[in-house]
Amino acid sequence: MAQKGETVKIAWIDPLSGLMAPVGQNQVNSFRFFAEKFSGAGNAAGVKFEVVPFDNKLSPAESLTALKAAIDQGIRYVTQGNGSGAAAALIDAINKHNERNPGKEVVYLNHSAVDPDLTNSKCSYWHFRMDADTSMKMEALTSFMKDQKDIQKVFLLNQNYAHGHQVARYAKEILGRKRPDVQFVGEDLHPLAQVRDFAPYVAKIRASGADTVITGNWGSDLSLLLKAANEAGLTAKFYTYYTGVTGTPTALGGQGDGRVFQVSYNHYHLPGQMAAWRDEFQKRFNADFYTGSVIHIYTLLGEAMAKAKSTDPVKVAAALEGLKTRSFNGEVEMRRTDHQLQQTLYITRWQKADAKFPYSPENTGYTLAPVATYEPYVASTPTSCQMKRPG
């Protein structure tokens, strides 16, 4: 039985060192901040949430070491999101652990790892993705891009791992289908979280004659890319997944005005409770809240635990399947077939903050203002998942 006041520990396994540490630290703060908001009366089951951070140094091998340490401490819920390589390793390890240790099962709540394979060929009963995957985001992004007549020549620049490969693949496939007149004039991949100077990549983009760049880059890989583009006076438009993430708003400043777009399941200007939380988070941590999937995790866990009348991961996983609830971006549904959350997506544009859109990330005087909203069915993509259910 779920006891009111019972503590549910969540192991957070993501980078707290290296180039992506600022992103990790922001997310630890986000998980802890919302653990406070959602504990006790803040969730349907009345449980208390506690976050236990582990630094995986962005490495799949270190993620497995952290997972083992978490399991040894009796933690039954795990969250991770930075890097689909680490995510795939965790899914595999958790599948094996759960098979060998009945009664000690672990559930993996994926907050940001968006490789579509994780809910297709590698789908697992124990894995639930709270972010929209790369293909869903590309569906929404290209629904917007298809009407932008200034897009003629596209360059694809991405990180050399699963997510980066998928961004390039789906861009060619989906934009190619919606805008057959668009030319892909260049494509490049670079190592994840290692490049400190993107000038050579920017030179390639410029040489290609591209008017538009599509990139799934995040963290230092996006901020340093945009910084290099600004320094080189590159006027191409950038269509991104992660402009709002730590460091990138500062790198953009006023030079990206009107030229940088982001696809995401949330944005800075959601009304009501979200605006209040955003401001409180900013005041407390002098940082911007952007990992909205944290809210999905606590909302869905609380409801699933109330429905299951238990905090046992086996019962909670069963209750999470097909669960529909209202979250900050409207109704969301944890699709039963593949455990991919179906949700509304937004396109935002980097521009000067104003009376209508006043919130300014990293005190830049600029913001990501919403320019389009896509209901869940627009961005929903089919799944090839053959879910193996226990029992």
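The rules behind each value
- Residues numbered from 1 in each chain as written.
- Predicted model: local features only at pLDDT ≥ 70, side-chain atom pairs only at ≥ 80, totals over all residues.
- Heavy atoms only, no water.
- Buried < 20%, exposed > 50% of the residue type's maximum accessible area, 1.4 Å probe, protein only.
- Helix = DSSP H or I, 4+ residues; strand = E, 2+ residues; numbered from the N terminus.
- Arc of directions from axis to C-beta.
- Contact = heavy atoms within 4.5 Å.
- Polar contact = N/O pair within 3.5 Å; in protein donor to acceptor, adjacent residues only side chain to side chain.
- Pairing = 2+ DSSP bridges.
- Axes fitted to C-alpha atoms, helices over the stretch in contact; angles between N-to-C directions.
- Salt bridge = Lys/Arg side-chain N within 4 Å of Asp/Glu carboxyl O.
- Core = buried A, V, L, I, M, F, W, Y, C linked by side-chain atoms within 4.5 Å.
- Left-handed = near helix turned anticlockwise from the far one by under 90°.
- Nonpolar A, V, L, I, M, F, W, Y, C, P; charged D, E, K, R; others polar.
- Parallel < 35°, antiparallel > 145°, perpendicular 65-115°, else oblique.

Draft legend 1. Geometry of helix H11 (residues 313–320). Regarding H11, the residues found buried are Pro313, Val316, Ala317, Ala319 and Leu320. Seen end-on, H11 carries its buried residues on one side only, within an arc spanning 165°. Against the buried residues of H11 lie strand S3 (77–80), strand S4 (107–110), strand S5 (127–129), helix H10 (293–308) and strand S12 (330–334). Between the side-chain oxygen of the N-cap and the backbone nitrogen of valine 314 there are 3.0 Å, and the N-cap of H11 in question is aspartate 312. Among the residues trailing H11, glycine 322 stands out with phi positive, at a value near 75°.

Draft legend 2. Main features of the sheet that holds S4. Pairing in this open sheet of five strands is parallel, and the strands run S2-S1-S3-S4-S5 from one edge to the other. Both edges of this open sheet fall to strand S2 (48–55) and S5, since each of them pairs with a single strand only. Here the average twist between neighbouring strands, direction ignored, is 25°. Alignment of S3 against S4, held across four bridges, turns out to be parallel. Opposite tyrosine 77, over in S4, you have valine 107 as the bridge partner.

Draft legend 3. Layout of the pattern of salt bridges. According to the stated counting rule, one finds 22 salt bridges in the structure shown. Measuring nitrogen to oxygen at the nearest pair gives 2.9 Å for the salt bridge that ties lysine 178 to glutamate 139. With lysine 178 in helix H5 (residues 162–178) and glutamate 139 in helix H4 (residues 134–145), this pair connects stretches of sequence that are 39 residues apart. Classification of glutamate 139 as buried rests on a relative accessible area of 13%. One salt bridge connects aspartate 188 with lysine 204, and the closest N-O pair in it is separated by 2.7 Å. Taken together, the positions of aspartate 188 in strand S7 (residues 183–190) and lysine 204 in helix H6 (residues 199–208) put the pair 16 residues apart, joining distant regions of the chain. Sharing partners across several salt bridges, the network here consists of Glu36, Lys37, Glu280 and Arg284.

Draft legend 4. Summary view of the nonpolar core. Counting residues in hydrophobic clusters, the biggest one holds 102 residues, and the most contacted among them are Ile214 and Tyr298. With eight residues, H10 is the largest single contributor of residues to this core. If sequence neighbours within four positions are ignored, isoleucine 214 has contacts with Met138, Met145, Val154, Phe155, Leu156, Leu157, Asn158, Val167, Ala171, Leu175 and Tyr239. Ranked by size, the runner-up nonpolar core spans 24 residues in total, among them Tyr201, Val260, Tyr359 and Tyr366.

Draft legend 5. Representation of the pairing of strand S11 (residues 324–327) in the model. Burial along S11 is one-sided: the residues Thr325 and Ser327 are buried and none of Lys324 and Arg326 is. Of the pairings in the sheet, the one linking S11 to S12 comprises four bridges and is antiparallel in character. Opposite lysine 324, over in S12, you have glutamate 333 as the bridge partner.

Draft legend 6. Representation of the sheet that holds S11. Within the open sheet, the three strands sit side by side as S11-S12-S13. Their pairing is antiparallel. In this open sheet, the two strands that pair with only one neighbour each are S11 and strand S13 (341–342). Of the strands in this sheet, S11, S12 and S13 are in contact with H10, which crosses S11 at around 140°.

Draft legend 7. Seen up close, unusual backbone geometry. Its identity as a non-glycine residue notwithstanding, leucine 58 has a phi of 65°, on the positive side. If you trace the backbone, leucine 58 turns up in the loop between S2 and helix H2 (60–72). Residues other than glycine seldom take positive phi values, yet asparagine 363 does so here, at roughly 50°. Structurally, the position occupied by asparagine 363 is in the loop between strand S14 (345–352) and strand S15 (366–374).

Draft legend 8. View of the packing of helix H1 (residues 21–38) against H10. The contact between H1 and H10 brings their axes to 10 Å, and the two run at 35°. The hand of the H1/H10 crossing is right-handed. Contacts between H1 and H10 involve Ser30, Phe31, Phe34, Ala35 and Phe38 from the former and Val294, Ile295, Ile297, Tyr298 and Thr299 from the latter. Its residues assigned to classes, the contact of H1 with H10 shows eight nonpolar, two polar and no charged.

Draft legend 9. Spatial organisation of the packing of H2 against helix H3 (residues 84–100). Contact pair H2 / H3: the axes reach a minimum separation of 9 Å and the direction vectors enclose 40°. Regarding the angle of H2 to H3, the classification is oblique. The element H2 and its partner H3 pack so that their crossing is right-handed. Across the interface between the two elements, Pro60, Ser63, Leu64, Leu67 and Ile71 from H2 touch Gly85, Ala86, Ala89, Leu90, Ala93, Ile94 and His97 from H3.

Draft legend 10. Just the environment of histidine 269, in detail. The residue histidine 269 is located in the loop between strand S10 (260–264) and helix H9 (273–285) in this model. Given the relative accessible area of 13%, histidine 269 is considered buried. Each C-alpha atom, one on histidine 269 and one on tyrosine 298, is 21 Å from the other, the two residues being 29 residues apart in sequence. Filtering out sequence-adjacent residues up to four positions away, histidine 269 remains in contact with Arg278, Phe357, Pro358, Tyr359, Thr367, Leu368, Ala369 and Pro370. A polar contact is formed between the side chain of histidine 269 and the side chain of threonine 367, at a distance of 2.8 Å.

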